Amino acid sequence: MRLNTSQQQAVEYVSGPCLVLAGAGSGKTRVITNKIAYLIREAGYQARHIAAVTFTNKAAREMKERVAQTLGRQEARGLLISTFHTLGLEIIKREHAALGIKSNFSLFDDQDQMALLKDLTEQWLEGDKDLLNQLRSTISNWKNDLIDPVIAKARSHTQKDQLFAHCYDLYDKQLRACGILDFDDLILLPTLLLQKNEEARDRWQNRIRYLLIDEYQDTNTSQYEFIKLLVGQRARFTVVGDDDQSIYSWRGARPQNLVLLKEDFPALKVIKLEQNYRSSGRILKAANILIENNPHIFEKKLFSELGYGEHLKVISADNEEHEAERVIGDLIGHRFANNSHYGEYAILYRGNHQSRIFEKVLMQNRIPYKISGGTSFFSRTEIKDIMAYLRLLTNPDDDNAFIRIINTPKREIGPATLQKLGEWATKRSVSLFHASSDIGLTEILSGKRLESLTTFITWFSDLMTRIETEPFEVVQALLHGIHYESWLYETSPSPTAADMRMRNVEQLFTWLGEMLRGDDLDEPMTLAQAVSRFTLRDMLERNESEEENDEVQLMTLHASKGLEFPYVYLVGMEEGLLPHQVSIDEENIEEERRLAYVGITRAQKELTFSLSRQRRQYGETINPEPSRFLLELPQDDIQWESQKTQVTAEQRMIKGQSRLSALRAQIEKAKNS
DNA sequence: CTTACTACAGTTTTT
DNA sequence: CTGTAGTAAG
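Residues numbered from 1 in each chain as written. Chains lettered and ligands numbered in written order. Predicted model: local features only at pLDDT ≥ 70, side-chain atom pairs only at ≥ 80, totals over all residues. Heavy atoms only, no water.

Turning to the nonpolar core, a few remarks are in order. Ranked by internal contacts, the top residues of the largest apolar core, which has 53 residues, are Ile386, Leu393, Phe402, Phe460 and Leu512. In this view, Phe460 contacts Tyr389, Leu392, Leu393, Phe433 and Leu478; residues no more than four positions away in its chain are not counted. Listed in part, the 33 residues of the second largest apolar core include Leu290, Leu607, Leu630 and Ile638. (Core = buried A, V, L, I, M, F, W, Y, C linked by side-chain atoms within 4.5 Å. Buried < 20%, exposed > 50% of the residue type's maximum accessible area, 1.4 Å probe, protein only. Contact = heavy atoms within 4.5 Å.)

The next subject is the confidence of the model for chain A. For chain A, the mean per-residue pLDDT works out to 86, and 92% of the residues sit at or above 70. When the criterion is pLDDT under 50, residues 644-660 qualifies, and its contacts beyond four places in sequence or with other chains add up to 15 contacts. Within the model, pLDDT remains below 50 along residues 662-673, and this stretch shows 11 contacts once partners closer than five positions in the same chain are excluded. (pLDDT = per-residue confidence, 0-100.)

The next subject is a negative patch on the surface. There is a patch of like negative charges on the surface, built from Asp119, Glu122, Glu126, Asp128 and Asp130. Relative to the assigned elements, Asp119 resides in helix 7 (residues 110-120). (Patch = residues over 30% accessible without salt bridge, like charges linked within 9 Å, V, L, I, M, F, W, Y side chains within 5 Å. Areas by Shrake-Rupley, 256 points an atom, 1.4 Å probe, with all protein chains shown as cover. Salt bridge = Lys/Arg side-chain N within 4 Å of Asp/Glu carboxyl O. Lys, Arg positive; Asp, Glu negative; His and termini not counted. Charge placed at Lys NZ, Arg CZ, Asp CG, Glu CD. Helix = DSSP H or I, 4+ residues; strand = E, 2+ residues; numbered from the N terminus.)

Time to look at the packing of helix 2 (residues 28-41) against helix 3 (residues 57-71). Taken N-terminus to C-terminus, the directions of helix 2 and helix 3 make an angle of 50°; their axes are 10 Å apart at the nearest point. One element, helix 2, and the other, helix 3, form an angle in the oblique class. The hand of the helix 2/helix 3 crossing is right-handed. Residues Thr29, Arg30, Ile32, Thr33, Ile36, Ala37, Ile40 and Arg41 of helix 2 form the contact with helix 3, whose own contacting residues are Met63, Arg66, Val67, Thr70 and Leu71. Class assignment for the residues of the contact of helix 2 with helix 3 results in 7 nonpolar, 3 polar and 3 charged. (Axes fitted to C-alpha atoms, helices over the stretch in contact; angles between N-to-C directions. Parallel < 35°, antiparallel > 145°, perpendicular 65-115°, else oblique. Left-handed = near helix turned anticlockwise from the far one by under 90°. Nonpolar A, V, L, I, M, F, W, Y, C, P; charged D, E, K, R; others polar.)

Right, let's talk about the environment of Trp487 for a bit. Along the chain, Trp487 turns up in helix 25 (residues 484-491). In this structure Trp487 comes out as buried when scored by relative accessible area, which is 13%. Measuring from C-alpha to C-alpha, the distance between Trp487 and Trp250 comes to 41 Å, with 237 residues separating the pair along the chain. Ignoring any residue separated from it by four or fewer positions in sequence, one finds Trp487 in contact with Asp385, Thr408, Pro409 and Lys410.

This part takes up the sheet that holds strand 2 (residues 50-54). On the basis of which strands lie adjacent, the open sheet formed by 6 strands has the order 3-2-6-7-1-8 and parallel pairing. Of all strands in the sheet, those with a lone pairing partner are strand 3 (80-83) and strand 8 (269-273), marking the two edges. When strand polarity is set aside, the average angle formed by the axes of neighbouring strands in this sheet is 15°. In terms of strand pairing, strand 2 meets strand 3 through 4 bridges, oriented parallel. (Pairing = 2+ DSSP bridges.)

Here it is, written out as structure tokens:
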């Protein structure tokens, strides 16, 4: 397919700063991919001087694949395509000397972060979860606004802020002492470095001569600063974004960065992509009319040439169960009538808890489905254990990892021993691991404890010396050496659970092996690199995308961004749910509207809303109003389908069930014939 | 290894 | 109110 005029224009404008306002489904990935090809083939850039930055590993991976397809592996060699965080990690790794940190640092995820904060603040916050969460996000916000502990203290006036700033200081000192970075550091540290260190700035500006940014509207303050420092005076860059799809402001994203861009780079060329290649005209019209209720920085009007399409439907139900039944019933009927596949349907909702009831009804009807989200692979205990071992292997100063694994599996090194060891280590200001190999330990530890500790340290040190030369063997030896499998069987609630945990561990090792070896898109990595990538949650999507089963997709609106489905159900269209109760005020309503907009624009052919006139909430039954967003849509394009007959819940259940089972029988019959 | 009770949360979560 | 995660006890 050829590029349209504005896409072509966006691809070929390479002489200055460029902002591509890419509406939903307007082919922005194609623009980025083609632009990279254009830069190399027509504009004289070498691949190694071009960097493209995304927010998710998945997006980075897709882009890599698309570019490799367009250019061929050879020409694409040396291109830097990664997430913000991975790019930051790369810079930190190369500049660790200038940053004054060790080369073998390890990474903290949010759970590690919480655990440490809880530890550090025990005396003040007493494990108050709410306060801890506040503290964590406050620290994160400070870091995202490039505010260090000293400035934070100076700017804190209330007692609580003072305390938080103090905790921030403690937390950061602890991290530095252990050679640990958190996610925010991966942006913060490179940004500070490029600000202060002219040489480093030159080095990186010379390395990255053309920069492309995807989903620009999701950048936060430090990321924008980071971008500015990377592009420098030369200002050769393209950012692609859509202010109407900014749904992460609660996480620090600043859609205002679009305005700042225009101010900071007066020469900015703005190109709008307004042709939508995804949705029917009617769906797009509804989306346009809805989003017009929001103020806009740049006016933009999407159009489609795919035909006007079917009416939008609204299914109104009497209660939540009924809503799920009617939606699923509609889906089954629709699939049957259109001879379509389950995989073409998506059910989108505002909050994760809404999925449960749909899951139940889907299960009752034996419909295959997939819920994205839920507990992450990397937050499972068995994975966290192994990750802690791997982290300690690459960074012996990682005290948190040390504490986690020193007695897992049991080595008779309990809290008392650890306490003594900790005091000793603090006095000498060395890490726990370091302290453990100190000869002076005989002063504080005796016989048995000392022996088990030294046995472990000796064995582990031996592994550490070999990670560079024979990482495979080390990883194998690690798993055997700790007898992790038998430990799992001892501690798991059931053998089946242990089996599952062991499979998870094996999965981790399979991925690890792949990463150490490298594949056609990625170079082989060192163990340290692989461990960092794991913490950055890389790897997960790789497997997910392989299993393209025929399953109904269930996900939150947030998770649906960037995806598309032929048939979409947008459920729970009620005041209090979408817009959500706590975001219903003047300040947040616009983002809720964008959330609805994102949901609507996921649909390619047909879009169905649903709502319930009754909902259980915190023990009460409430009667929510239909979402204001439904009323904002063009009513001529909507068909309201409400249940006319008044029946009791029980009758409805039987009726719904029998209708569904009748349909199922019909389908089975059709299949067999 | 299962069962039962208690405590707690109940918006979204790219890294 | 209701579901679940974690722990304690059978």
